[in-house]
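Survey of secondary and tertiary structure
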Amino acid sequence: MQPVQFGSHPPARRVIVHLSDTHLLGGDRMLGGRFDSLTNLRATLDAVERLGVRPDALVFTGDIADLGEPDAYRAVRAAVEPVAERLGAPVVWVAGNHDERPELRRDLLGLDPTEEPVTGVWDLGGLRLVALDSSVPGWHHGDLDAGQLEWLRQVLREPAPLGTLLALHHPPLPSHIPLFDILELRHQEELAEVIAGTDVRGILAGHLHYSTHGMFAGVPVSVAAATCYTMNLQRAPEEVNGMDAGQSFHLVHVYDDTITHAVVPVVDAPTGDFFSAEWTERMAALTAQERLEVFSRKPAR
């Protein structure tokens, strides 16, 4: 069925699935001795396939492997690539502070195992996606060196038809959890200067293990929670720790004048069955006013 415009906004131009922080260990070992990151990744991918959409890309914003082990990267590929093939979507891998550039480049991307930043540009039917590498070899905080910033400046010189999204691991946002501000992205002012006046419409990030959003240099920033474990925010900031619950990813819809980021929980829970494809088809056959009469008007009191 052709998309029907039920409201004031036409259908989204592009759809992206934004995932983050898989943190796989080699040998299918438990993360921290308690989190089954591979099983949780598989459950997340099952949820992605249940979306019933064919996304324009799957974007993983870093910390793919917890210790940068070659077999951890191979395990991630084995889990993700069949799903991406069935969905017909490219996969964008972003480096995080737990990743090791040589192993990520060789065992995940099939490139030479160097310490060069893992960057790239994807044309998603007019929407430009730019992957940055905020990892710092040997450290857990984030940074973007002068060479990478100049490269980004050159990429952004010409606008893309549908604008640009940036993807990096460390979000250029504050966190109310003290430990994350210690490990924040450094030199944010320089990044702000590079993107000022360009067609950058949004920034996708990870690192925090909880979903949040904010503004950076006038650009919306959306942080996806982790697939491995999330932070239990029902605690005082100084006492926040990880829990094996609340895993989610983001479903990103790119419209002409805005971008939305829906948090999709990875949970097996019963749902009601009132709405369906058949219900939507019935609504599509009505006029806009008829739809309001059927679905918006409250019953008489």
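All figures in this text were calculated on a predicted structure; none of them were measured in a lab. (Residues numbered from 1 in each chain as written. Predicted model: local features only at pLDDT ≥ 70, side-chain atom pairs only at ≥ 80, totals over all residues. Heavy atoms only, no water.)

Considering the packing of aromatic side chains
Our working definition: Centre distance within 6.5 Å is the pairing criterion for rings of Phe, Tyr and Trp, where only the six-membered ring of Trp is used; planes under 30 degrees apart are then read as stacked, over 60 as edge-to-face, and the remainder as tilted. Only DSSP runs of H or I with at least four residues qualify as helices, and only runs of E with at least two residues qualify as strands; both kinds are numbered from the N terminus onward.
Under the criterion given, the structure shown has eight aromatic pairs. Judged by centre distance (4.7 Å) and plane angle (20°), the rings of Phe35 and Tyr229 are stacked. Separated by 194 residues along the polypeptide, Phe35 in the loop between strand 1 (14-19) and helix 1 (37-49) and Tyr229 in the loop between strand 9 (219-223) and strand 10 (230-231) bring together distant segments of the chain. Ring plane angle 90° and centroid distance 4.8 Å describe the contact between Phe274 and Phe275, whose orientation is recorded as edge-to-face.

Considering a nonpolar patch on the surface
So the rule is basically this: Here the term patch refers to residues with relative accessible area over 30% and no salt bridge, with like charges joined within 9 Å and nonpolar side chains (Val, Leu, Ile, Met, Phe, Trp, Tyr) within 5 Å. To measure how exposed things are, a 1.4 Å probe is used in the Shrake-Rupley method; for residues, cover is taken only from the protein chains shown. Here, a salt bridge means any side-chain nitrogen of Lys or Arg that lies within 4 Å of a carboxyl oxygen of Asp or Glu. Here's how the labels work: a residue is buried when its accessible area is under 20% of the maximum for its type, exposed when over 50%, partly exposed in between, all with a 1.4 Å probe on protein chains only.
Together, Phe274, Phe275, Val294 and Phe295 line one region of the surface with nonpolar side chains, adding up to about 470 Å² of accessible area. Mapped onto the elements of the fold, Val294 is located in helix 8 (residues 288-296). On the basis of relative accessible area, Val294 is assigned to the exposed category, the value being 54%.

Quick notes on the sheet that holds strand 12 (residues 248-254)
To summarise the sheet geometry, strands pair through backbone hydrogen bonds and adopt either a parallel or an antiparallel arrangement. Here is the rule we go by: Criterion used throughout: strands pair if DSSP finds at least two bridges between them. Simply put, an axis is a line fit to the C-alpha atoms, just over the touching stretch for a helix, and the angle between two N-to-C directions goes from 0 to 180 degrees.
Strand order in this open sheet of five strands is 3-2-1-12-13, and the pairing throughout is mixed. Where the open sheet ends on each side, the last strands, each with one partner, are strand 3 (91-94) and strand 13 (259-265). For this sheet the average axis-to-axis angle between neighbouring strands, irrespective of direction, equals 20°. When strand 2 (residues 57-61) meets strand 3, the two strands line up parallel, connected through four bridges. Note on strand 3: the bridge partner recorded for Val59 is Val92.

A few points about the side chain of Thr44
The condition that has to hold: Identification of polar contacts relies on pairs of N or O atoms within 3.5 Å, with a donor-acceptor requirement for protein atoms, meaning one able to donate a hydrogen and the other able to accept it, and with residues adjacent in sequence counted only if both atoms are side-chain atoms. Two residues form a contact once any of their heavy atoms are found within 4.5 Å.
Following the sequence through the fold, Thr44 ends up in helix 1. Of the polar contacts made by the side chain of Thr44, one reaches the backbone oxygen of Asn40; its length is 2.8 Å. Here Thr44 is in contact with Leu19, Thr227, Phe249 and Val266, once residues within four sequence places are set aside.

Focus: the environment of Asn40
You can see Asn40 is positioned in helix 1. Relative accessible area serves as the criterion here: at 15%, Asn40 is assigned to the buried category. Every residue in contact with Asn40, bar those within four places of it in the chain, is listed here: Thr227, Cys228, Asp244 and Gln247.

Re helix 6 (residues 188-195)
Put simply, the rule is: An arc is given here, and it is the one of the directions from the helix axis to the C-beta atoms.
Those residues of helix 6 lying buried are Gln188, Leu191, Ala192, Val194 and Ile195. Down the axis, helix 6 shows its buried residues gathered within 160° of arc, on one side only. Against helix 4 (146-155), strand 6 (164-167), strand 7 (200-205), strand 8 (212-216) and strand 9 lie the buried residues of helix 6. Following helix 6 by one or two positions, Gly197 has its phi on the positive side, about 75°.

Here we look at the pairing of strand 6
For clarity, the threshold we go by: Every crossover in which the path from the first strand over the helix to the second runs clockwise, viewed with the strands pointing away from the viewer, is termed right-handed.
Burial along strand 6 is two-sided: the face carrying Thr164 and Leu166 and the face carrying Leu165 and Ala167 are both buried. Of the strand pairs in this sheet, strand 5 (residues 127-131) and strand 6 are connected by four bridges, and their pairing is parallel. Bridged to Ala131 within strand 6 is Ala167. A crossover links strand 5 with its parallel partner strand 6, the connecting element being helix 4, and its sense is right-handed. Sheet analysis places strand 6 next to strand 7, joined by four bridges and oriented parallel. Counted as the bridge partner of Leu166 is Ile203 from strand 7.

Re the environment of Gly142
By the secondary structure assignment, Gly142 is in the loop between strand 5 and helix 4. Taking the C-alpha atoms as reference points, Gly142 and Arg186, 44 residues apart in sequence, are found 5.9 Å from one another. Ignoring anything within four residues of it in the chain, the contact list for Gly142 reads Ser134, Val136, His170, Leu183, Glu184, Leu185 and Arg186.

Quick look at the sheet that holds strand 5
Taken together, six strands build an open sheet; the order of strands is 4-5-6-7-9-8 and the sheet is mixed. Whereas interior strands pair on both sides, the edge strands pair on one side only; in this sheet they are strand 4 (120-124) and strand 8. Between one strand axis and the next, the sheet turns by 20° as a mean value, whatever way the strands run. The sheet contacts of helix 4 involve strand 4, strand 5 and strand 6, and relative to strand 5 the element is tilted by about 175°.

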